[in-house]
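# Descriptive structure summary
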Amino acid sequence: MLHSSSNSLRTRALKVASGAAAMIAIVVVWQICVVAFAISPGVLPLPSDVLRTLLDQQNFLITSASSTALNALTGLALAVALGIPLGWVLAQPSRIQAALSTTTLAAQIFPKIAVAPLFVVWLGFGVLPKVLFIFWLGFFPIMINSASGFTSIPTDLRDLATTLKLRGFRRFWKLELPFALPYIFTGIKISASFAMTAAIVYEFVGSSTGIGYAILQTQINLNTRLMFAGFFVVALIGFAIYGVVAGIERLAIPWHVSRRGQ
Amino acid sequence: MRATTDDVVALRDVSMVFGAGSRAVVALDRVSLTVGSNETVALIGPSGCGKSTTLRIIAGLARPTSGEVTVRTAGEGQGGLSMMFQTPALFDWRTVRGNVMLPLEVAGVNRAVAREEADRLVKVVGLEGFADHRPFELSGGMQQRTAVARSLISNPRLLLLDEPFGSLDAITRDQMCNELSAICASRPIAVVLVTHSIAEAIFLADRIFVMSARPGRMIREVRVPMARPRSVDDRASEVWVKLESELRAALVQ
């Protein structure tokens, strides 16, 4: 432990500050460009106008966005709950693995967003098809990464566990899961970024609620300001979900190489 | 070589074949070996001679193609076998204490008792003050010390060592050998040591088996005529030098 904690805190604060400064710079450049080149607000609204719309329409935006976010989180949770155990099964040398790995590879390559209309045909407009669609997109990265974590356990660790008679669920809990956690979190972070995308895509094609539906409506009404306000909210939720996952990761695997010295 | 009931390990005509048909490789060819209850046996030989396979068979990690394997590790107040590997094989997510107490935890020993015992062994291997450190904060030698403490905490009757100090530098290696021989001398324990270092074998073992490669065979058994534990000074002795050249000659064959 060569670093002091105050030092690492300062590094992190500096990181956040420089990120915020970059964002502010982009907004300032945007505002200047719209004014300087006299861009029509229907094409690109002023950031200040977007901010005003955000405040004026906050109740509508919060209501729409919260149902979308809730669906995204539910779908993601389902993907985690099923992705990890199936990843474990995939990592076991057996005939199931051979069958499963071919299927998952095919499913992995297939552009999954393309089947959103089919979900609508089969399952309609409710909450369930939305959650299932989000799960469908988020599930694969978690399963594949979990499987690669479970198969990466070094022989010496496996042999140690065997000589200690560490078997069954206890072997999973004490050795396999902790070892695979860094891999699993990589999968969850990928899926977390998919979750909002999947939720919005589904609302485009099969929903009459949610922020995705609201953004689609602004296109029809040519309300670009509200559209941009929607983008802002969507980005914010995306950040928040990713931030929560990264935060849990930080707490869960403080020993991992990627976390050392942070 | 007659097996007695006192033996902790007895292998009789153990053979191991990997693969099948024309691609079959005979890893072990009718290997026989016994280890007494308070005896240290070393297996030396070129890489690929099957010494690690022999150890894995004793540990129950591999099943021989043919032959008889007897391992008796039940005993009064102690029991079981422990194995040390080429890597420290520590759980990165556990502290030194957490790693050392793992065998007791798995065996269902009371947590407070296991903790106390772990702290005691952490001291024995010279890691006092590091019990709450994680493996990545330790040097390679300290990690292997943690593994030593973990392998001794269950008070095993049989300790299997698979080139445990192979990845350490020469100085740390000598130090670890010294400490291990002192620790082993302080308790009744059977040890099987796999190594490619002749010096390490002479320093630690009562008997040394020399193995040949492809197929893996026992070609020589040598008794080390020096009292244990041995000291660094013994290395200059006539007995040591003679034994070393004898073993070197056997290995070259």
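Given the structure is predicted, the values throughout are model-derived calculations rather than measurements. (Residues numbered from 1 in each chain as written. Chains lettered and ligands numbered in written order. Predicted model: local features only at pLDDT ≥ 70, side-chain atom pairs only at ≥ 80, totals over all residues.)

### A look at the overall build of chain B
Our working rule: Strands here are runs of E lasting at least two residues and helices are runs of H or I lasting at least four, both read from the DSSP assignment and numbered beginning at the N terminus. In this treatment the radius of gyration is a C-alpha quantity, and the globule benchmark scales as 2.2 Å times the residue count to the 0.38 power. Residues with at least 20 neighbouring C-beta atoms inside 10 Å of their own are called buried, those with 12 or fewer are called exposed, and the rest are partly exposed, where every C-beta is derived from the backbone.
Across its full length, chain B holds 8 helices and 11 strands. Taking 2.2 N^0.38 as the reference for a compact globule, 253 residues should give roughly 18 Å; the C-alpha atoms of chain B span a radius of gyration of 18 Å, in line with that estimate. The C-alpha extent of chain B, read off along each of the three principal axes, is 50 × 45 × 35 Å. Within the span of chain B, comprising 253 residues, buried residues form 43% of the whole.

### Remarks on the environment of Thr74(A)
Residue and element names in this part refer to chain A. Note that Thr 74 resides in helix H3 (residues 58-91). Judged by the 19 C-beta atoms lying within 10 Å of it, Thr 74 is partly exposed. Sequence separation between Thr 74 and Lys 130 is 56 residues, and the spatial gap between their C-alpha atoms is 9.8 Å.

### Section: the domain arrangement of chain A
Residues and elements named next belong to chain A. Going by this rule: Domain extents, as shown, originate in an automatic or database domain assignment. Placing a C-beta atom from the backbone of each residue, one calls two residues in contact when those atoms lie within 7 Å. Polar here means any residue outside two lists: the nonpolar Ala, Val, Leu, Ile, Met, Phe, Trp, Tyr, Cys and Pro, and the charged Asp, Glu, Lys and Arg; Gly therefore counts as polar.
Assigned domains of chain A: these are domain 1 (1-39) and domain 2 (44-259). In this structure, domain 1 and domain 2 have C-alpha centres spaced 27 Å apart. With 5 residues of domain 1 at the contact, the number on the domain 2 side is 4 residues. Here the residues of the side of domain 1 that touches domain 2 are counted per class, giving 4 nonpolar, 1 polar and no charged.

### Looking at the environment of Arg207(B)
Residues and elements named next belong to chain B. Checked against the element boundaries, Arg 207 lands in strand S10 (residues 207-212). Judged by the 17 C-beta atoms lying within 10 Å of it, Arg 207 falls in the partly exposed class. Residues Arg 207 and Leu 11, 196 residues apart in the sequence, show an inter-C-alpha distance of 15 Å. Ignoring anything within four residues of it in the chain, the contact list for Arg 207 reads Glu 39, Val 41, Glu 221, Val 222, Arg 223 and Val 224.

### Some words on the environment of Ala149(B)
Residue and element names in this part refer to chain B. Looking at where Ala 149 falls in the secondary structure, it is placed in helix H5 (residues 140-152). Since 26 C-beta atoms lie within 10 Å of it, Ala 149 is described here as buried. Sequence separation between Ala 149 and Asp 119 is 30 residues; the distance between their C-alpha atoms is 9.6 Å. If near-sequence neighbours (up to four positions away) are discounted, Ala 149 is found in contact with Val 100, Leu 121, Val 122, Val 124 and Val 125.

### So, the packing of H3(A) against helix H8 (residues 168-206) of chain A
All names here are of chain A. Rules: Fitting a line to C-alpha atoms yields each axis, with helices limited to the stretch in contact; the angle taken between N-to-C directions then spans 0 to 180 degrees. Throughout this description, any angle smaller than 35 degrees is read as roughly parallel, any larger than 145 degrees as roughly antiparallel, any in the 65 to 115 degree range as roughly perpendicular, and the remainder as oblique. Helix crossings get a hand from a simple test, with the near helix turned counterclockwise from the far one by less than a right angle marking a left-handed crossing and a clockwise turn marking a right-handed one.
The geometry of H3 relative to H8 is characterised by a closest axis approach of 9 Å and an angle of 140° between their N-to-C directions. Taken together, the axes of H3 and H8 lie oblique to each other. Between H3 and H8 lies a crossing of right-handed hand. Here Thr 68, Asn 71, Ala 72, Gly 75, Leu 76, Ala 79, Val 80, Gly 83 and Ile 84 of H3 come into contact with H8, specifically with Ile 184, Gly 187, Ile 188, Ser 191, Ala 192, Ala 195, Met 196, Ala 198, Ala 199, Ile 200 and Glu 203.

### Remarks on the domain arrangement of chain B
All names here are of chain B. Once the domains are mapped, chain B shows domain 1 (1-80 + 157-253) and domain 2 (90-155). When each unit is reduced to the centre of its C-alpha atoms, the spacing between domain 1 and domain 2 is 25 Å. A total of 4 residues in the side of domain 1 that touches domain 2 trace back to one element, the largest contributor, which is helix H6 (residues 170-185). Looking at the side of domain 1 that touches domain 2 residue by residue, the classes come out as 7 nonpolar, 4 polar and no charged.

### Here's the deal with the nonpolar core
Note the threshold: Remark: nonpolar core denotes a set of buried Ala, Val, Leu, Ile, Met, Phe, Trp, Tyr and Cys residues whose joining runs through C-beta atoms within 7 Å.
Core analysis: the biggest nonpolar cluster contains 131 residues, and Ile134(A), Ala195(A), Val9(B) and Val192(B) have the highest contact counts within it. Those residues within four positions of Ala195(A) in sequence are excluded, and the remaining contacts are Ala72(A), Gly75(A), Leu76(A), Ile134(A), Gly138(A) and Ile241(A).

### Things to note about the pairing of strand S9 (residues 190-195) of chain B
Residues and elements named next belong to chain B. Just so we agree on the cut-off: Any two strands are treated as partners once DSSP identifies two or more bridges connecting them.
Burial of S9 is extensive: 6 of the 6 residues sit out of reach of the surface. Here S9 shows a buried face lined by Ala 190, Val 192 and Val 194 and a second buried face lined by Val 191, Leu 193 and Thr 195. Relative to S9, strand S3 (residues 40-44) is paired through 5 bridges, and the arrangement is parallel. Residue pairing for S9: Leu 43 is matched across the bridge by Val 194.

### Thoughts on the pairing of strand S2 (residues 25-35) of chain B
Residues and elements named next belong to chain B. Direction of pairing for strand S1 (residues 9-18) relative to S2: antiparallel, over a ladder of 7 bridges. Across the sheet, Met 16 pairs through a bridge with Leu 28, a residue of S2. Where S1 folds back onto S2 in an antiparallel hairpin, the turn is made up of 6 residues, including Gly 19, whose phi is positive at roughly 75°.

### Some thoughts on the sheet that holds S2(B)
Residue and element names in this part refer to chain B. The strand order across the open sheet built from 3 strands is S2-S1-S4, with neighbouring strands paired in antiparallel fashion. In this open sheet, the two edge strands, each paired with only one partner strand, are S2 and strand S4 (66-71). Between one strand axis and the next, the sheet turns by 20° as a mean value, whatever way the strands run.

### Focus on unusual backbone geometry
The peptide bond linking Arg214(B) to Pro215(B) adopts the cis configuration, its omega dihedral lying at -5°. Residue Pro229(B) is reached from Arg228(B) by a cis peptide bond, and omega for that bond is -10°. Relative to the helices and strands, Pro229(B) resides in the loop between strand S11 (217-223) and helix H8 (238-252). Positive phi, close to 60°, is recorded for Lys165(A), a residue that is not glycine. Structurally, the position occupied by Lys165(A) is in the loop between helix H7 (155-163) and H8. One non-glycine residue with positive phi stands out, namely Asn155(B), at about 55°. One can find Asn155(B) in the loop between H5 and strand S8 (158-162).

### Points about helix H4 (residues 95-109) of chain A
Short version of the rule: Take the number of residues in a helix, subtract one, and multiply by 1.5 Å to get its expected span.
Compared with the 21 Å implied by 1.5 Å per residue over 15 residues, the 22 Å span of H4(A) between its first and last C-alpha is a close match. Burial analysis of H4(A) places just 0 of its 15 residues in the buried class, which makes it a mostly uncovered element.

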